[in-house]
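# Architecture and fold: a report
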Amino acid sequence: EVQLVESGGGLVQSGGSLKLSCAASGFIFSGSAMHWVRQASGKGLEWVGRIRSKTNSYATAYAASVKGRFTISRDDSKNTAYLQMNSLKTEDTAVYYCATYDYGDPPFDYWGQGTLVTVSS
Amino acid sequence: QSVLTQPPSASGTPGQRVTISCSGSSSNIGSNTGNWYQQLPGTAPKLLIYSNNQRPSGVPDRFSGSKSGTSASLAISGLQSEDEADYYCAAWDDSLNGRVFGGGTKLTVL
């Protein structure tokens, strides 16, 4: 069974930092791109960024809203992806999901349960 | 302001057919495949449609997807009360080099 479990969320002051983790199991983590998606309360989904596999040079990409402040990394030996968030703003307050998907054969699309990050002023 | 445009709400009665639209551009839906998610309150999104019109295993065939040019659509036939949820379209955007989502459509079953 595939599982993605996020942790590390919590309350942080504006300007502060937080590091989220996403522990994966049940699939070949090292071969999969990992994404972070966030959702503010009552709002829609916003893609944060992704990191590709070693085969794809661990290439990262970020949304314009977080570029330069957030960094995605991974540790394939621990089957874990990370989201380092610096210079946090109140507008970064959201539930953060990690997710992985590939629409090849067979297709897969898995999400964690999310972790809440609250940035106070 | 989402890159992909969806109507904020839709509604229908049990048994009806409902369609939700998703308007994009040449850099996202126009050149990449569209996907649809269903999100129930307090839960993570669940994939309904991938590659424009493919259903993952376990998704009822009441759900179908299509794409035309720079727009995608999700159709739900034989509407049921448990279909009441938020629906999101998604696609990769080549110009932004990132995944983009629609603003979401809240479906109400009357």
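All values derive from a computational prediction rather than experimental measurement. (Residues numbered from 1 in each chain as written. Chains lettered and ligands numbered in written order. Predicted model: local features only at pLDDT ≥ 70, side-chain atom pairs only at ≥ 80, totals over all residues. Heavy atoms only, no water.)

## Concerning the interface of chain B and chain A
Every contact between the two is made by 16 residues of chain B and, on the other side, 17 residues of chain A. When chain B packs against chain A, the two sides together hide about 1,400 Å² of surface, and 63% of this comes from carbon and sulfur. Applying the counting criterion to the chain B and chain A interface returns zero salt bridges. Counting every contact that joins chain B to chain A gives six residue pairs in polar contact (both at pLDDT 80 or more). Mapped onto the side of chain B that touches chain A, the elements with two or more residues apiece are strand E3 (35–39), strand E7 (85–93) and strand E8 (98–101) of chain B. For the side of chain B that touches chain A, a count of residues per class yields eight nonpolar, seven polar and one charged. (Contact = heavy atoms within 4.5 Å. Buried area = accessible area lost by both parts, 1.4 Å probe. Salt bridge = Lys/Arg side-chain N within 4 Å of Asp/Glu carboxyl O. Polar contact = N/O pair within 3.5 Å; in protein donor to acceptor, adjacent residues only side chain to side chain. Helix = DSSP H or I, 4+ residues; strand = E, 2+ residues; numbered from the N terminus. Nonpolar A, V, L, I, M, F, W, Y, C, P; charged D, E, K, R; others polar.)

## Digging into the layout of surface pockets
Estimates place the volume of the largest pocket at around 610 Å³. Breaking the lining of the largest pocket down by element, the ones donating at least two residues are strand E4 (34–39), strand E5 (45–51) and strand E6 (60–62) of chain A together with E8 of chain B. Looking at the lining of the largest pocket, the element that brings in the most residues is E8(B), giving four residues. Here the lining of the largest pocket is built from residues that sort into twelve nonpolar, eleven polar and six charged. (1 Å grid on protein atoms, 1.4 Å probe; cavity = no way out; pocket = protein on both sides within 12 Å on 5 of 7 lines; lining within 4 Å. Points joined across faces, edges and corners; volume = space filled by probe spheres on them.)

## Points about the nonpolar core
Trp36(A), Leu83(A), Met85(A) and Tyr96(A) are the most contacted members of the largest nonpolar core, which has 42 residues in total. Among the elements that make up this core, the one with the highest residue count is strand E9 (residues 94–102) of chain A (six residues). In this structure, Ala10(B), Ala72(B), Leu74(B) and Val109(B) belong to the second largest nonpolar core, which totals 22 residues. (Core = buried A, V, L, I, M, F, W, Y, C linked by side-chain atoms within 4.5 Å. Buried < 20%, exposed > 50% of the residue type's maximum accessible area, 1.4 Å probe, protein only.)

## Topic: the pattern of salt bridges
Residues and elements named next belong to chain A. Tallying each qualifying case throughout the model produces five salt bridges over all chains. With its nearest N and O atoms 2.7 Å apart, the salt bridge here joins Arg69 to Asp92. On the criterion of sequence distance, the pair formed by Arg69 in the loop between E6 and strand E7 (70–75) and Asp92 in the loop between strand E8 (80–85) and E9 is long-range, its members being 23 residues apart. There is no split in this pair, since Arg69 and Asp92 are both buried. Between Arg74 and Asp76 there is a salt bridge whose closest N-O contact spans 2.8 Å. Asp76 matches Arg74 in its accessibility class, with the two residues each being buried. Through salt bridges that share partners, Arg38, Glu46, Arg69 and Asp92 make up one connected network.

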